[in-house]
Amino acid sequence: MTAHTVVVGAGVGGLTAAALLLRAGQRVTVLEGHVYPGGSAGTFYHQGYRFDAGATLAGGFAPDGPHGRLAELLGLTWPVTPVDPAWVVHLPDGRRVTQWADRAAWREERQRAFPGREAFWRRQETLAGVAWDVSTRPFPWPPATPRDLAALALGLRPGTLRALPFLWRTMGDLAPRGDPLFRLFLDAQLLISAQTTAAEAGALYGSAALDLPRRGVNHVRGGIGALARTLVEWIRAHGGEVAYRQRVTRIVLGADGRATAVCTKRGRRVEADFVLANVTPWALAGLLGQDAPPALRAEVAQRRPTWGAFTLYLGLDAAALPSGLADHHQIIVDAARPLGEGNSVFLSLSPADDAGRAPAGHRAATLSTHTDVGAWWALRRGPDEAAYGARRAAYAARLLAAAERAVPGLRRAIRLCLPGTPLTFQFYTGRPLGMVGGFPQTSLFAARGPGTGIANLWLVGDSIFPGQSTAGVTLGAMRVAAEVVAAGR
């Protein structure tokens with residue numbers, strides 16, 4: 001009898017695992033609560049514009065990258081175009097640092113912007129090389145079984161040993177002292193790629209994260225949600241099911257403690273041999289209710305909420321924008337203030353030649369900043385009904401002011417402006433409190449694996465190592481799919 005796997009959520013991680021399991025001969029059903037796939041890496045349509053809900057750039061499409069390997073396994077083609085430069089960083093002192101994909105151009109740029117720091121960059125590139133090399137082989141981290149340990153041992157190479165002294169170190173340990181703006185630059189890059197700053201980012205993960213532009217970042221034609229749509233099309237073409245408007249409300253356990261079925265808000269019940277939850281641990285605990293294992297209940301009670309995002313989705317008159325403008329910018333406003341909360345802003349413009357993203361003569365743009373989810377919910381639930389709206393308006397003004405440092409006259413080009421808070425993200429993605437981005441990558445020894453305490457139920461998505469980005473969740477999904485296939489045997 002063919003094993004049946006039910007996947008809760010049509011994010012990139014869940015869809016990747018579903019496709020690999022379908023390829024391995026299983027029957028697969030994906031249940032998605034929304035009307036389109038992708039989750040935080042989805043693209044929504046409004047008044048002629050296609051806006052990227054969260055993520056705006058994607059990497060890992062080289063032959064040895066996660067998306068590249070997946071494309072080869074499935075025989076599909078991704079709708080992507082390389083971007084160079086990846087983005088431009090605007091520092092508070094007016095300095096601009098262009099994140100070139102070309103390594104020679106990047107070396108010249110960093111020497112111009114940060115002279116005398118080559119020793120740091122050489123070490124970072126060495127560690128990044130080790131980290132990326134390991135990622136091209138099976139890397140079930142953290143290991144949960146003897147099979148995982150064996151896979152890790154087979155993946156080691158002599159060059160891997162160079163990384164051992166850095167397993168317990170942070171990027172802050174490697175960074176030179178005495179140059180606050182250099183440290184600020186590092187912090188800003190790590191915040192968007194590792195969800196934490198240099199003082200806490202693990203040296204190996206952080207080095208790889210800083211190297212992301214050199215590994216190749218890409219525009220996704222039609223918006224980043226086209227990655228998920230490509231996977232949905234493949235799954236359906238090969239006999240799998242992807243059902244929208246099927247928000248899962250419960251995962252049912254049998255008397256033996258194994259997951260046996262998944263129930264949706266619309267009354268559908270799907271029996272399952274295996275279940276993959278493309279959700280956060282908090283959401284999983286909610287789906288299990290009183291059946292949540294004690295360790296999972298303890299985890300969600302003890303973990304601090306992750307970052308949320310405040311976003312502005314802009315429809316822009318292309319003729320009112322400056323010519324020769326890069327598509328992606330990171331703006332840091334004030335060196336004396338913590339990053340996030342409008343002090344560090346990422347701006348992404350849809351490519352001028354991607355006609356499907358906006359009406360003729362217009363471009364779509366996304367502005368985003370990290371934000372504490374708790375403050376937004378406290379205001380929404382508080383006695384002053386106007387306070388939430390006032391904060392939203394203040395943040396919108398703050399983001400637009402920051403963006404005008406990169407794109408002078410941006411406000412004059414705005415024809416549509418939609419704000420999004422953590423409450424917006426919870427409503428549309430189902431993520432508790434609107435938390436996005438996954439867990440901060442502080443240490444390999446703090447990484448979360450896919451285990452849930454239930455033998456035939458796994459997590460996928462940005463909550464499990466390596467977490468961040470569509471490439472990260474794809475790597476994690478590859479590991480989970482291999483575990484499900486092994487369990488099915």
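Asks: I tried to follow the overall build of the protein on my own but got confused; where do I start?
Replies: If you tally the helices and strands in the protein, you get 17 helices and 20 strands. Taken over C-alpha atoms, the radius of gyration comes to 22 Å for the protein, in line with the 23 Å a tight globule of 489 residues would show. With the principal axes as the frame, the protein shows a C-alpha extent of 65 × 55 × 45 Å. Within the protein, buried positions represent 59% of all 489 residues. Partitioning the contacts of the protein with sequence separation of at least 6, the portion at a separation of at least 24 is 70%. Counting only carbon and sulfur atoms, one obtains 55% of the accessible surface of the protein, whose full area is about 20,000 Å². Mean positive and mean negative side-chain charge positions of the protein (52 and 37 charges, respectively) differ by 2 Å.

Asks: Explain the sheet that holds strand β9 (residues 217–220) here, please?
Replies: In sheet architecture, strand pairing relies on hydrogen bonds along the backbone and comes in two forms, parallel and antiparallel. One open sheet accounts for three strands, arranged β5-β9-β6; its pairing is antiparallel. Every interior strand has two partners, whereas the edge strands, β5 (58–59) and β6 (80–83), have only one.

Asks: Would you explain the packing of helix α4 (residues 118–135) against helix α8 (residues 203–210) in this entry?
Replies: When two helices pack together, their arrangement is captured by the angle between the axes and the distance separating the axes. Packing of α4 against α8 leaves a shortest axis separation of 8 Å and a crossing angle of 100°. Classified by the angle between their axes, α4 and α8 sit roughly perpendicular to one another. Each of F120, Q124, L127, A128, A131 and W132 in α4 lies in contact with α8, whose residues at this interface are A203, L204, S207, A208 and L210. Partitioned by chemical class, the residues of the contact of α4 with α8 number nine nonpolar, two polar and no charged.

Asks: So what exactly am I meant to see when it comes to the sheet that holds strand β18 (residues 362–371) here?
Replies: Strand order in the open sheet formed by seven strands is β8-β7-β16-β17-β18-β15-β19, and the pairing between neighbours is mixed. The open sheet terminates on both sides in strands that have one partner only, identified here as β8 (96–99) and β19 (414–420). Strand-to-strand, the axes of this sheet are offset by a mean angle of 15°, without reference to chain direction. Sheet topology places strand β17 (residues 344–349) next to β18; four bridges connect them, and they run antiparallel. From the neighbouring strand, L347 faces β18, where its bridge partner is L367.

Asks: What should I look at first to understand the packing of aromatic side chains in this one?
Replies: Per the counting criterion, the structure on display carries 25 aromatic pairs. Ring plane angle 70° and centroid distance 6.1 Å describe the contact between W141 and F445, whose orientation is recorded as edge-to-face. Of this pair, W141 sits in the loop between α4 and α5 (146–155) while F445 sits in the loop between α16 (422–429) and β20 (457–459), placing them 304 residues apart in sequence. We classify W141 as buried; its relative accessible area is 17%. Above the plane of the ring of W376 lies R391, whose end atom (NZ or CZ) is 4.5 Å from the centre.

Asks: Explain the side chain of T196 to me, please; I cannot follow it from the model alone.
Replies: Inspection of the secondary structure assignment puts T196 in the loop between α7 (180–194) and α8. The buried category is assigned to T196, whose relative accessible area is 6%. Only 3.3 Å separates the side chain of T196 from the side chain of E200, close enough to count as a polar contact. Once residues lying within four places of it in the same chain are set aside, the contact partners of T196 are D187, L190, L191, A201, P440, Q441 and T442.

Asks: Which parts of the structure should I look at to understand unusual backbone geometry?
Replies: Most peptide bonds take the trans configuration, and most residues that are not glycine carry a negative phi. In this structure, P142 follows W141 across a cis peptide bond, with omega equal to -10°. Mapping P142 onto the fold places it in the loop between α4 and α5. Cis geometry is adopted by the peptide bond preceding P466, which originates at F465 and carries an omega value of 0°. Tracing the backbone shows P466 in the loop between β20 and α17 (469–488). Unlike most non-glycine residues, E341 shows phi in positive territory, near 55°. Take E341: it is sitting in the loop between β16 (328–332) and β17.

Asks: What am I meant to see in the pairing of strand β15 (residues 308–317) here?
Replies: As a general feature of sheets, a regular strand has side chains that alternate between the two faces. Burial runs high along β15: 10 of the 10 residues are buried. Covered by surrounding structure in β15 are G308, F310, L312, L314 and L316 together with A309, T311, Y313, G315 and D317, the residues of both alternating faces. Sheet analysis places β15 next to β19, joined by six bridges and oriented antiparallel. Bridge assignment links L312 to a residue of β19, and that residue is P419.

Reading guide: rules and limits
Residues numbered from 1 in each chain as written. Predicted model: local features only at pLDDT ≥ 70, side-chain atom pairs only at ≥ 80, totals over all residues. Heavy atoms only, no water. Helix = DSSP H or I, 4+ residues; strand = E, 2+ residues; numbered from the N terminus. Rg over C-alpha atoms; globule rule 2.2 N^0.38 Å. Buried < 20%, exposed > 50% of the residue type's maximum accessible area, 1.4 Å probe, protein only. Contact = heavy atoms within 4.5 Å. Areas by Shrake-Rupley, 256 points an atom, 1.4 Å probe, with all protein chains shown as cover. Lys, Arg positive; Asp, Glu negative; His and termini not counted. Charge placed at Lys NZ, Arg CZ, Asp CG, Glu CD. Pairing = 2+ DSSP bridges. Axes fitted to C-alpha atoms, helices over the stretch in contact; angles between N-to-C directions. Parallel < 35°, antiparallel > 145°, perpendicular 65-115°, else oblique. Nonpolar A, V, L, I, M, F, W, Y, C, P; charged D, E, K, R; others polar. Phe/Tyr/Trp six-rings, centres within 6.5 Å; stacked < 30°, edge-to-face > 60°. Lys NZ or Arg CZ within 6 Å of the ring centre and 35° of its normal. Polar contact = N/O pair within 3.5 Å; in protein donor to acceptor, adjacent residues only side chain to side chain.

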